[in-house]
Structures are given as C-alpha cells and as structure tokens.
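Structure assessment
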Amino acid sequence: MLLGLIWGGSFFFARVAVAHVPPFTLVLLRVALAALALHLYLRGRHGLYSALFTRWREFLLMGLINNAIPHAFIFLGQTHIGAGLAAILNATTPVWTVLIANMATEDEKLNAAKINGCLLGLAGTVVLIGPGALLDVYGRSGNVPLWALVLPVLAAVSYGFSAIYSKRFRDLAPPVTAAGQLTASTLLMLPVALFVDTPWTLPAPPLSALLAVLGLALVSTAYAYILYFRIIAEAGATNTSLVTLLVPPSAILLGFLFLGETLQPVDLAGMALIASGLVLLDGRVLKPRRSS
C-alpha cells in the first residue's frame, strides 16, 4: 500500500517537473539523484561494489527496462496527458507481467482467473486508448496525440519484463539491487539527455519544478525501489506488480487537488475494467475464507 501511494506521487511530481524540464533530462535527474542517495545510504555495505563489478551487465539490462525506457516513455506521454490518466495506463503492468511470466517462467503460468483478468485489463486499455480517450483530461477535444497514450502502455510492458528479470537479484540486498540498476540507468541516460536535450542551453527551472525533481528522485525512486525489490523477494513478480492497483487513485487525487486535473467518464470506465482485472489476477478476494 505504501509503495502504491509513493508511486502515485511519482506521476504528480513528473507532471509538475516535465512542464519545465525536458523528458530525457528529467529521467537522468531522477535516476542520478536516486543513485547518489542510495550510494550515500549504503556506503559500500552489503557487497555493493563487488556486485557492481561482477554483475554490471545484468544491472545495465535491468536499468534499461526498469528505468531508462519506461521513465522516458511515461515522461514523454505526460507532456500531453495528466498524472491520473498516465497512472491508469501504467496500471496495466500486472497484465503484461502475467502474460510475459507465462511465456518466460515455469512457475507462473496462466490459469482461468489470470486469463479473465488479463482480458479485462486489456479491455480497459482498449477503452482508454480508443476514440473516447482522445478527449484531453482537461476537457479540450482532440489535443492528445495517440502516441502520448500508447507510450505509457509500452512503459508498462517494459515494467512487465523487468518484474520477471528482477527475480535474478533475489540474492542481493534490496538497496544494492536498487543502487545497481539506478547507477546503470544513469550511465545509459547521460549521453541521451546531453545529445537530445542539450540541458545547458535551457533556462533554470522554477523552485516548484526543482522540488518535484527531488521528490521524484528521493521518495518515488530511491526509497520506492528499496521497497519494490524487498517485495519482489518476498512475494514474487506477479504479486508485486499488483501494487499498481493503488497508483491511479493516488495520482488522480494529487492531480485533482494540486493540478486541477479531471478525468472523463471513459477514463474512469477504463480504470474500473483494469482494477477488476487486477482483482481477478490476484485471486485472493475470490477465495473462500477459512472459518475461525
């Protein structure tokens, strides 16, 4: 629940910051500041440096599919859509995680409940990306390009792959895994941000954007990933991905209170379908309770 609330805040922080900081530079700031914070927190403990030296290839791939690609896609999308809608689209992560796990693992196969949950989640995605979703979250018709809606879904697919791949880091302390992948994604994003955004030519962002970057990096990334990898180790990839059920309500509430965002009825319908699919994927609600 805590992780869901924190990640809901990430969409709010990103929406504030992306108005003043280009998307690739924002990704770089997010992962670099978070990596620095974790390095200061660990100070080499738990075998951090030996893990970085021996498993750098694994960290590079994890940083690519769990940070660089999805963060960039979401921030690019948020240049045109609000925090709430971006969070709803990202909430399809468990659907993609289940589908990918069925193909890539032996212990997380599809069953009837998971298939029905996936179908509901995909139906919600279709509703959101369909013609009705081309209405802007601010009520202006025709202002949202299709790619701005598709990119957060592709980010969710990338998160699905990373949730499965992250199983190989179960032997590491969660802060080490978080620091390793954030260090790797910093190295990946540095040349991209410098080449595409040329940040040294941009005006200085206002204080609100700087605070949003700090919140995004320190709270919604550094601390959040410590929680994320701890839950991965304890509960598995599919259960961990269900945290996204709590992300949209958190992002929607923050967007409504502080950014003046509203959602169209079709957005709420899509969220309801996705939420129903996640409940089916989880399965615990449908299981009969044992008598005391």
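Further up the page is the structure itself.
Residues numbered from 1 in each chain as written. Predicted model: local features only at pLDDT ≥ 70, side-chain atom pairs only at ≥ 80, totals over all residues. Heavy atoms only, no water.

Here the focus is the overall build of the chain. Of the regular secondary structure elements, the chain holds 13 helices and zero strands. Listing every helix and strand of the chain by position from the N terminus yields α-α-α-α-α-α-α-α-α-α-α-α-α. Partitioning the contacts of the chain with sequence separation of at least 6, the portion at a separation of at least 24 is 87%. (Helix = DSSP H or I, 4+ residues; strand = E, 2+ residues; numbered from the N terminus. Contact = heavy atoms within 4.5 Å.)

For the rest of this paragraph, the subject is the nonpolar core. Counting 78 residues, the largest nonpolar core has W7, F11, L26, I81 and Y228 as its most contacted members. In terms of residue count, helix α10 (residues 207-235) provides more of this core than any other element does, 11 residues in total. If sequence neighbours within four positions are ignored, Y228 has contacts with L3, W7, N66, S162, A163, S166 and T240. (Core = buried A, V, L, I, M, F, W, Y, C linked by side-chain atoms within 4.5 Å. Buried < 20%, exposed > 50% of the residue type's maximum accessible area, 1.4 Å probe, protein only.)

Spanning 12 residues, helix α6 (residues 93-104) covers 16 Å between terminal C-alpha atoms, matching the ideal 16 Å at 1.5 Å per step. Buried within α6 we find T93, P94, V95, W96, T97, V98, I100 and A101. (Expected span 1.5 Å × (residues − 1).)

For the structure on display, the rule yields nine aromatic pairs. Ring centres of W7 and Y228 lie 5.5 Å apart, and the angle between their planes is 55°; on these two criteria the pair is classed as tilted. A residue pair is termed long-range when its members are at least 10 positions apart, and W7 in helix α1 (residues 2-17) and Y228 in helix α10 qualify at 221 residues. By relative accessible area, which is 13% here, W7 ends up buried. Ring centres of F12 and F13 lie 5.7 Å apart, and the angle between their planes is 50°; on these two criteria the pair is classed as tilted. The exposure class of F12 is buried, given its relative accessible area of 14%. (Phe/Tyr/Trp six-rings, centres within 6.5 Å; stacked < 30°, edge-to-face > 60°.)

By the definition in use, this model includes four salt bridges. When the shortest N-O distance is used, the salt bridge between E261 and R15 registers 4.0 Å. In this pair, E261 is assigned in the loop between α12 (247-258) and α13 (265-282) and R15 in helix α1, connecting sequence segments 246 residues apart. A single burial state applies to E261 and to R15, both of which are buried. Residue R55 is joined to D171 by a salt bridge in which the shortest nitrogen-to-oxygen separation is 2.9 Å. With R55 in the loop between α3 (48-54) and α4 (56-77) and D171 in the loop between α8 (146-165) and α9 (174-197), this residue pair connects regions lying 116 residues apart in the sequence. (Salt bridge = Lys/Arg side-chain N within 4 Å of Asp/Glu carboxyl O.)

Side chains of L207, L210, L211, L214, L218 and V219 sit close together on the surface and give an oily, nonpolar patch of about 540 Å² of accessible area. Checked against the element boundaries, L211 lands in helix α10. (Patch = residues over 30% accessible without salt bridge, like charges linked within 9 Å, V, L, I, M, F, W, Y side chains within 5 Å. Areas by Shrake-Rupley, 256 points an atom, 1.4 Å probe, with all protein chains shown as cover.)

This paragraph deals with α9. A rise of 1.5 Å per residue sets the reference length of α9, with its 24 residues, at 34 Å; its end C-alpha atoms lie 32 Å apart and thus fit the reference within 8%. For α9, the principal kink sits at M189 and spans about 30°; a proline, P191, occurs within the next four residues. (Bend = angle between axes of the 7 residues up to and from the residue.)

This brings us to empty space enclosed by the protein. Per the counting criterion, the structure on display carries one cavity of 30 Å³ or more. Looking at the largest cavity, its volume works out to about 270 Å³. Around the largest cavity, the lining is made up of 20 residues, and of these W7, N90, Y159, Y225 and T244 lie nearest the centre. Those elements that place two or more of their residues in the lining of the largest cavity are α1, α4, α8, α10 and α11 (237-241). Partitioned by chemical class, the residues of the lining of the largest cavity number 10 nonpolar, nine polar and one charged. (1 Å grid on protein atoms, 1.4 Å probe; cavity = no way out; pocket = protein on both sides within 12 Å on 5 of 7 lines; lining within 4 Å. Points joined across faces, edges and corners; volume = space filled by probe spheres on them. Nonpolar A, V, L, I, M, F, W, Y, C, P; charged D, E, K, R; others polar.)

One non-glycine residue, R43, adopts positive backbone phi at about 50°. Topologically, R43 is positioned in the loop between α2 (23-42) and α3.

With respect to the element layout, E234 can be found in helix α10. When the C-alpha positions of E234 and R170 are compared, they lie 9.0 Å apart, and in sequence the two are 64 residues distant.

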